[in-house]
Amino acid sequence: MERNYLPQRIALCLSGGGYRAMLFHVGALWRLYETGFLARISLFSSVSGGSIASGFLGLQWESLGLHAPGERDLERFINLYVDPMRHLAEQTIDLPAILRHPLAILGLGNASQEIARAYRDHLFGDATLQDLPEKTAFIFNATNVQSGASWRFSRRVCGDYRVGLIDNPNTLLADAVAASSAFPPFLSPAIFRFEGQSFRKTQHSDLSESEYQKRVVLTDGGVYDNLGLEAALNSRMILVSDGGGKWQPAAKRRGNWASHLYDVFGVTDDQVRSLRKRMLISRFRSDDPAQRIRGTYWSIRSDVASYDPEGVLQRLPCDPQHALQLAEVPTRLKAMPASLQERLINWGYAICDLALRRHIDKTLSPPVDFPYPDRIL
């Protein structure tokens, strides 16, 4: 991808992690909206479950009044954004997609198409990338398994730096988000044929031959960059919301190939996430002005005490054990009960608030209560 993709000032990266991450991010976006910070963000870079949250936010951007400064209307934000996201989280869409394509293991059928259809039915309709805001960039990251590069969908371009770029792509928004969330092996691959759309070469397009452009095979963006961080590295300030899972050690592992493949992918995902996080934190702390980036990172596994070690910030009551239970929710696109949805949103809201007030703006007033006060975190 071109290095100067749109010079940005403030970027928000939203990780993958299925419905768990999606709702955790909804809570963070809720707090960002309340503080007025959301409208200041000029680049959203997302992966998988984060792309669901980001994609619908982009589609509702102008309806929410985020394109112009003005008074914030929390009721409108809930009605136009939060409630539709929660409606999607009431639907199980991954298992039905897999069961409709039982021969996908032989290359017959594609579950990703079913996921895209569900996204169209419940959130995006027939909207395309061209229905996203013009002045605020929304990037949905997938992974091109042919070129080994990050494939990005946005209003301005889609493609990768090796295969080439398509200007002003007319790809359905639901298809772009489905590619970003094509979790391997069962919801992957997402196959694209960009008929009638021309690729242009970039400085590094060494794979611009027609066989790489005629049929593009993509998988989940988390395979390459599970924080969506790379697209945001030129920004002056980076905020990262990480709702991803964490691989856990176990003495006993199953020996069948499917279980082993799942374990191998878990280790890979965990290492990619850890490396990206360490790189980001080192940039936050760098003594080199050319390398240093201002920003903050919060995670579904964060410890609230690490943001307030002196205990001076007025913070919402968060039981660390309850928060860790939320982090263990499986990475699925499986229907969630209302109580679990509300706890995830509460947790994303609370930890985002602490990260903002600790590292970005110490003058922000603390929140009065959780979005769902009756729901214990």
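This structure is a prediction, so every number in the text was calculated from the model and none was measured.

Caption draft 1: Representation of helix 6 (residues 173–180) in the model. In terms of residue burial, helix 6 counts as a mostly covered element, since seven of its eight residues are buried. Residues Leu-173, Ala-174, Ala-176, Val-177, Ala-178, Ala-179 and Ser-180 constitute the buried set of helix 6.

Caption draft 2: Fine view of the side chain of Thr-219. Note on placement: Thr-219 falls in strand 9 (residues 216–220). At 3.2 Å, the side chain of Thr-219 forms a polar contact with the backbone oxygen of Ala-182. Side chain to side chain, Thr-219 and Ser-188 meet in a polar contact 2.7 Å long. Setting aside anything within four residues of it in sequence, one finds Thr-219 in contact with Ala-142, Thr-143, Val-145, Ala-179, Ala-182, Pro-184 and Ser-188.

Caption draft 3: Summary view of the side chain of Ser-235. Mapped onto the elements of the fold, Ser-235 is located in the loop between helix 8 (222–225) and strand 10 (237–242). In this structure the side chain of Ser-235 is engaged in a polar contact, spanning 2.9 Å, whose partner is the backbone oxygen of Ala-232.

Caption draft 4: Summary view of the pattern of salt bridges. Tallying each qualifying case throughout the model produces 17 salt bridges. Put simply, Arg-276 and Glu-230 hold a salt bridge, and the shortest N to O gap is 3.8 Å. Taken together, the positions of Arg-276 in helix 9 (residues 257–285) and Glu-230 in the loop between helix 8 and strand 10 put the pair 46 residues apart, joining distant regions of the chain. For Arg-375, the salt bridge identified is with Glu-342, shortest N-O distance 3.0 Å. Here Arg-375 is found in the segment after helix 12 (338–359), whereas its partner Glu-342 is found in helix 12, with 33 residues between them in sequence. For Arg-375, a relative accessible area of 28% translates into the label partly exposed. Look at the salt bridges and you will find they share partners, linking Arg-31, Glu-34, Asp-353 and Arg-357 into a network.

Cut-offs and rules
- Note that residues are indexed from 1 along each chain, following the sequence as it is written.
- Per-residue local features are limited, in this predicted model, to residues with pLDDT of at least 70; the limit for side-chain atom pairs, both in listing and counting, is 80 or more; totals at the level of whole chains, interfaces and linings are taken over all residues.
- Hydrogens are left out, water is left out, and the side-chain values use all remaining heavy atoms of the structure.
- The buried label applies to any residue whose accessible area, calculated with a 1.4 Å probe on protein chains only, is under 20% of its type's maximum; exposed applies above 50%, and partly exposed to all values in between.
- By the criteria applied, helices consist of DSSP H or I runs no shorter than four residues and strands consist of E runs no shorter than two, each listed in order from the N terminus.
- Polar contact is defined as a pair of N or O atoms within 3.5 Å, subject to the rule that within protein one atom must be able to donate a hydrogen and the other to accept it, and that residues adjacent in sequence are counted only when both atoms are side-chain atoms.
- What makes two residues a contact is simply this: any of their non-hydrogen atoms within 4.5 Å.
- A side-chain nitrogen of Lys or Arg and a carboxyl oxygen of Asp or Glu constitute a salt bridge if their distance falls within 4 Å.

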